[in-house]
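One letter stands for each residue in the lines below.
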Amino acid sequence: QVQLVESGGGLVQSGGSLRLSCAASTRGFSNYVMGWFRQTPGKEREFVARISWTGSSIYYADSVKGRFTISRVNAKNTVYLQMNSLKPEDTGVYYCAADTSLRTGAPMPGHYAYWGQGTQVTVSS
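Calculation rules
Residues numbered from 1 in each chain as written. Predicted model: local features only at pLDDT ≥ 70, side-chain atom pairs only at ≥ 80, totals over all residues. Heavy atoms only, no water. Disulfide = S-S within 2.5 Å. Helix = DSSP H or I, 4+ residues; strand = E, 2+ residues; numbered from the N terminus. Phe/Tyr/Trp six-rings, centres within 6.5 Å; stacked < 30°, edge-to-face > 60°. Buried < 20%, exposed > 50% of the residue type's maximum accessible area, 1.4 Å probe, protein only.

Caption draft 1: Summary view of the state of the cysteines. Counted by the stated rule, this structure contains 1 disulfide. Linked covalently through their sulfurs, Cys22 and Cys96 form a disulfide whose S-S length is 2.1 Å. Of note, the bridge from Cys22 to Cys96 carries an S-S torsion of about -80° and is left-handed in sense. Of this pair, Cys22 sits in strand E3 (residues 18-25) while Cys96 sits in strand E9 (residues 92-99), placing them 74 residues apart in sequence.

Right under this line is the structure:
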């Protein structure tokens with residue numbers, strides 16, 4: 001079992017930055033592939049970024065590539081999402097997710113067994 005708690009969301013102006021954190025309560029954090037997803041009302045949950053167990057493999061959605069950076073510190077059981085040059089379309093609830101497997105192809109919500117409660121990010125224009 002893995003419990004995930006996100007933090008760091010908030011209200012920011014367009015062009016600003018935020019850093020999200022996701023703390024995991026598990027002894028084997030380094031055994032988990034970690035991902036970030038986001039969702040807005042009426043839309044499906046959307047993949048944002050994914051990082052492998054040691055951080056050697058990272059994958060981003062095209063919409064955030066060059067602006068967002070995912071990282072992890074296994075000694076702290078924490079994964080981060082640094083978000084720069086934020087746009088109004090980045091607004092949504094951001095969720096942290098974990099799974100033991102690294103699947104090929106575009107990451108999907110169904111690839112992850114464990115989810116946090118989410119943190120709201122609002123970017124004003």
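Having seen the model, we can carry on.
Caption draft 2: Seen up close, the packing of aromatic side chains. Here the structure, examined in full by the defined rule, presents 7 aromatic pairs. Their ring planes at 75° and their centres at 5.4 Å tell us that Phe37 and Tyr112 sit as a pair that is edge-to-face. Note that Phe37 is positioned in strand E4 (residues 33-39) and Tyr112 in the loop between E9 and strand E10 (114-115), a separation of 75 residues in sequence. Accessibility classification places Phe37 together with Tyr112 in one group, the buried group. With a centroid separation of 6.4 Å and 80° between ring planes, the pair formed by Tyr95 and Trp115 is classed as edge-to-face. With Tyr95 in strand E9 and Trp115 in strand E10, this residue pair connects regions lying 20 residues apart in the sequence. By relative accessible area, which is 13% here, Tyr95 ends up buried. Exposure remark for Trp115: the relative accessible area of 24% places this residue in the partly exposed category.

Interpretation in functional terms is not warranted from these geometric data alone.
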